[in-house]
Amino acid sequence: MVHTAPPAPVLCTFPNNQELQAALAQFIVKAQKESIEKKGRFTVAVSGGSLPKQLAGLIDNPAVKWDKWQVFYADERVVPLDHEDSNHALNTRELFSKVPIPPQNIHTIDPSLADDLEELADAYEKELIREFAMKDSARFPIFDLVLLGIGPDGHTCSLFPGHSLLSEEDRWVAYIEDSPKPPPRRVTLTLPVLNHALRIAFVVTGESKADVLHTILDEPEKGLPASRIRPVNPGQLYWFTDEAATSKVQYPRTPFKL
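A few points on the structure. Not measured: the values here are computed from a predicted model. (Residues numbered from 1 in each chain as written. Predicted model: local features only at pLDDT ≥ 70, side-chain atom pairs only at ≥ 80, totals over all residues. Heavy atoms only, no water.)

1. A few points about the pattern of salt bridges
Okay, step 1: In total, this model carries 13 salt bridges according to the counting rule given.
Okay, step 2: Glu 131 is paired through a salt bridge with Arg 41; the nearest N and O atoms lie 2.7 Å apart. Linking Glu 131 in helix 3 (residues 117-136) with Arg 41 in the loop between helix 1 (17-39) and strand 2 (42-46), this pair joins segments that are 90 residues apart in sequence.
Okay, step 3: Classification of Glu 131 by relative accessible area gives buried; the value is 8%.
Okay, step 4: Arg 41 gets classed as buried once you look at its relative accessible area, which sits at 10%.
Okay, step 5: Taking the shortest distance from any N to any O, the salt bridge between Arg 130 and Glu 127 comes out at 2.7 Å. Remark: Glu 127 and Arg 130 occur in helix 3; sequence separation between them is three residues, near one turn of the helix.
Okay, step 6: You can call Arg 130 exposed: its relative accessible area is 52%. (Salt bridge = Lys/Arg side-chain N within 4 Å of Asp/Glu carboxyl O. Helix = DSSP H or I, 4+ residues; strand = E, 2+ residues; numbered from the N terminus. Buried < 20%, exposed > 50% of the residue type's maximum accessible area, 1.4 Å probe, protein only.)

2. Quick word on the nonpolar core
Okay, step 1: Ranked by internal contacts, the top residues of the largest apolar core, which has 81 residues, are Ile 28, Trp 69, Phe 143, Leu 147 and Trp 239.
Okay, step 2: Non-local contacts of Trp 239, meaning those with residues more than four positions away in its chain, are made with Pro 9, Val 10, Leu 11, Cys 12, Ile 150, Phe 202, Val 204, Leu 213, Ile 216, Leu 217 and Ala 226. (Core = buried A, V, L, I, M, F, W, Y, C linked by side-chain atoms within 4.5 Å. Contact = heavy atoms within 4.5 Å.)

3. With respect to the pairing of strand 9 (residues 199-204)
Okay, step 1: Counting buried positions along strand 9 yields six of six residues, so the element is predominantly enclosed.
Okay, step 2: Residues Arg 199, Ala 201 and Val 203 line one face of strand 9 and the alternating positions Ile 200, Phe 202 and Val 204 line the opposite face, and both faces are buried.
Okay, step 3: Bridge count for strand 6 (residues 145-148) against strand 9 is three bridges, and the pairing is parallel. From the neighbouring strand, Leu 147 faces strand 9, where its bridge partner is Ala 201.
Okay, step 4: Pairing analysis gives six bridges linking strand 9 to strand 10 (residues 236-242), with the strands arranged parallel. By the bridge assignment for strand 10, Ile 200 is matched with Leu 237.
Okay, step 5: Between the parallel elements strand 9 and strand 10, the chain passes through helix 5 (residues 210-218) in a crossover that is right-handed. (Pairing = 2+ DSSP bridges. Right-handed = clockwise from strand over helix to strand, strands pointing away.)

Structural data, given as structure tokens:
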């Protein structure tokens, strides 16, 4: 079996947030359309941070078929689902409370298992197995789309620089008790799961990300967690950024087109 190299990441840069959000929404709707035509559903993993705000272009958008979405969290903080640190609470506040997505299509962690992180991670992995293994019978789930952000240290999801979780090769969902960024207890999708997605889009804005984005895109050999996101064929990696975030990046831009 011939393993071809993953396709090069596509870097799209926009002059302002409004244009970025509009393009991101168009991109997501196109991915949704292709997925529903192919298999009748659209599987998405989302993270927290500044990402949910950037999905505003999906609100009041008649092209979004919310009943076909199956949403998982690329990472989650082990806190109650309505806690201010919860990625679910953040996504609900910024997006899901404003759109007609059926609540059962949003797959959250089970906070009642918070005292046993291994059991909580296993339960979330079983939730993924229910959605993917029966239908896609692959070693890892194949998300139609994963939406991610980055931290100023180059972390993405709850995969932090120098952490042993970066070498996890078997589990779909792993837990972390010593996150360098609070809260310390989290669960996260692992690199092999992320890298089996059909499409991954990083959304990064603001000058505070300029240095780390330069390292991720121009010096991937430094091995920051976000640089390790390179989906296997036929997966494709996209970066949606603004000019402030890419001010130090040498990597070539690609004009946005669908």
